[in-house]
Amino acid sequence: TLSSNLSVVHNIAAPGLLKVAIFGAYPASGDGVYANLRFSVIGKPGTTSPINIREFRFNEGTAGVASLDGQISVVKANTVIQGRLVTATGDPVARTTGDPVARTTVVLTSTTGEKREVKSTSFGYFEFGGLKLGQTYTVTVRSRSHTFAPVTVSVANSITTLEMIAEQ
């Protein structure tokens, strides 16, 4: 990450609240992932908890930043369909629309009609976990600025990867 030469401290005194500070003698520079955070998730399968990012400052507040709230879902198995949304030219969908935070909705529908949906990340990535091996799912995308053809996937491995390309 861009913070590889910096120091990291955290405080988890309050349940449900994590404070992280990354600092160093010189300002960080460059484009890329600033820090990866890993969590131990506690909860029953099927439960979901929101993640809210607040007061994110970069280089002591001198650089503009955007943060994306999300969620963590507790699942039974480690079987997933993951993927990325890109334009016909291979660019991440969110960057081409000028929207700094992708909020493109990706919908997973099982053969029984059960639907789940997630929002893609700022680089167009999405993931559905807790799926059943051998089952077939249809992945569709709801986007205001791009059209995607639905994709039908039979889950044969613990990780199935898709790249969904917008039509011109």
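This one's a predicted model, so the numbers in the text were calculated from it and none came from an experiment. (Residues numbered from 1 in each chain as written. Predicted model: local features only at pLDDT ≥ 70, side-chain atom pairs only at ≥ 80, totals over all residues. Heavy atoms only, no water.)

Peer 1: Would you mind going over the overall build of the chain with me for this structure?
Peer 2: A tally of helices and strands in the chain yields one helix and 11 strands. Looking at the chain as a whole, 25% of its 168 residues are labelled buried. Taking all contacts inside the chain whose residues are at least 6 apart in sequence as the whole, residues at least 24 apart take part in 52%. (Helix = DSSP H or I, 4+ residues; strand = E, 2+ residues; numbered from the N terminus. Buried < 20%, exposed > 50% of the residue type's maximum accessible area, 1.4 Å probe, protein only. Contact = heavy atoms within 4.5 Å.)

Peer 1: Whenever I open this one, the pairing of strand β11 (residues 159–165) confuses me. Can you help?
Peer 2: Burial of β11 is one-sided: the residues T160, L162 and M164 facing one way are buried, the residues I159, T161, E163 and I165 facing the other way are not. Across seven bridges, strand β5 (residues 80–86) lies against β11 in parallel orientation. Its bridge partner being in β11, I81 is matched across the sheet by T160. (Pairing = 2+ DSSP bridges.)

Peer 1: Any chance you could explain the confidence of the model for the chain here in plain terms?
Peer 2: Do not read the predicted coordinates in detail wherever pLDDT is low. Scored by pLDDT, the chain comes out at a mean of 78, with 76% of its residues at no less than 70. Within the chain, the element-level pLDDT minimum falls on helix α1 (residues 93–96), averaging 54, and the maximum on strand β9 (residues 136–142), averaging 94. (pLDDT = per-residue confidence, 0-100.)

Peer 1: What am I meant to see in the nonpolar core here?
Peer 2: Looking at soluble globular proteins, one finds that nonpolar side chains tend to be buried together. Counting residues in hydrophobic clusters, the biggest one holds 17 residues, and the most contacted among them are I81, F126 and M164. Going through the elements one at a time, β5, β6 (105–110), β8 (125–128), β9 and β11 are the ones with two or more residues in this core. With residues up to four places along the chain from it excluded, the contact list for F126 reads I81, Q82, G83, R84, L85, V106, V118, S120, V139, L162 and M164. (Core = buried A, V, L, I, M, F, W, Y, C linked by side-chain atoms within 4.5 Å.)

Peer 1: What am I meant to see in the sheet that holds β6 here?
Peer 2: Pairing between the strands of a sheet comes from backbone hydrogen bonds, and it takes one of two forms, parallel or antiparallel. What the four strands build is an open sheet, ordered β7-β6-β9-β10; its pairing is antiparallel. Edge positions in the sheet fall to β7 (115–119) and β10 (151–154), since each has one partner strand and no second. In this sheet, adjacent strand axes meet at a mean angle of 25° when their direction is disregarded. Relative to β10, β9 is paired through four bridges, and the arrangement is antiparallel. (Axes fitted to C-alpha atoms, helices over the stretch in contact; angles between N-to-C directions.)

Peer 1: Help me understand the sheet that holds β5, please; the structure alone is not making it clear to me.
Peer 2: Taken together, the three strands give an open sheet; going across it, the order is β8-β5-β11, and neighbouring strands pair in mixed fashion. Pairing within the sheet leaves two strands with one partner each, and these edge strands are β8 and β11. On average, adjacent strands in this sheet sit at an angle of 20° to one another, irrespective of strand direction.

Peer 1: Please clarify how a nonpolar patch on the surface should be interpreted in this entry.
Peer 2: A surface patch of nonpolar side chains, amounting to about 440 Å² of accessible area, comprises V8, I12, L18, V20 and L37. With respect to the helices and strands, L37 occurs in the loop between β2 (19–23) and β3 (48–51). (Patch = residues over 30% accessible without salt bridge, like charges linked within 9 Å, V, L, I, M, F, W, Y side chains within 5 Å. Areas by Shrake-Rupley, 256 points an atom, 1.4 Å probe, with all protein chains shown as cover. Salt bridge = Lys/Arg side-chain N within 4 Å of Asp/Glu carboxyl O.)

Peer 1: Help me out: how do you make sense of the environment of D69 in this one?
Peer 2: Secondary-structure assignment places D69 in the loop between β3 and β4 (70–73). For D69, a relative accessible area of 27% corresponds to the partly exposed category. C-alpha of D69 to C-alpha of I53: the two residues are 16 residues apart in sequence and 5.7 Å apart in space.

Peer 1: Just to check I follow, could you spell out the environment of V106 for this structure?
Peer 2: Tracing the chain through its elements places V106 in strand β6. If sequence neighbours within four positions are ignored, V106 has contacts with L85, R116, E117, V118, F126, F128, V139 and T140.

Peer 1: Is there a simple way to think about the pattern of salt bridges in this case?
Peer 2: Close approach of charged atoms lets side chains of opposite charge pair. Inspection of every chain in the model, using the stated rule, returns one salt bridge. Where E117 meets R142, a salt bridge forms, and the shortest distance between an N and an O atom there is 3.0 Å. Of the two residues, E117 sits in strand β7 while R142 sits in strand β9, which places them 25 residues apart along the sequence. Its relative accessible area of 44% is what places E117 among the partly exposed residues.

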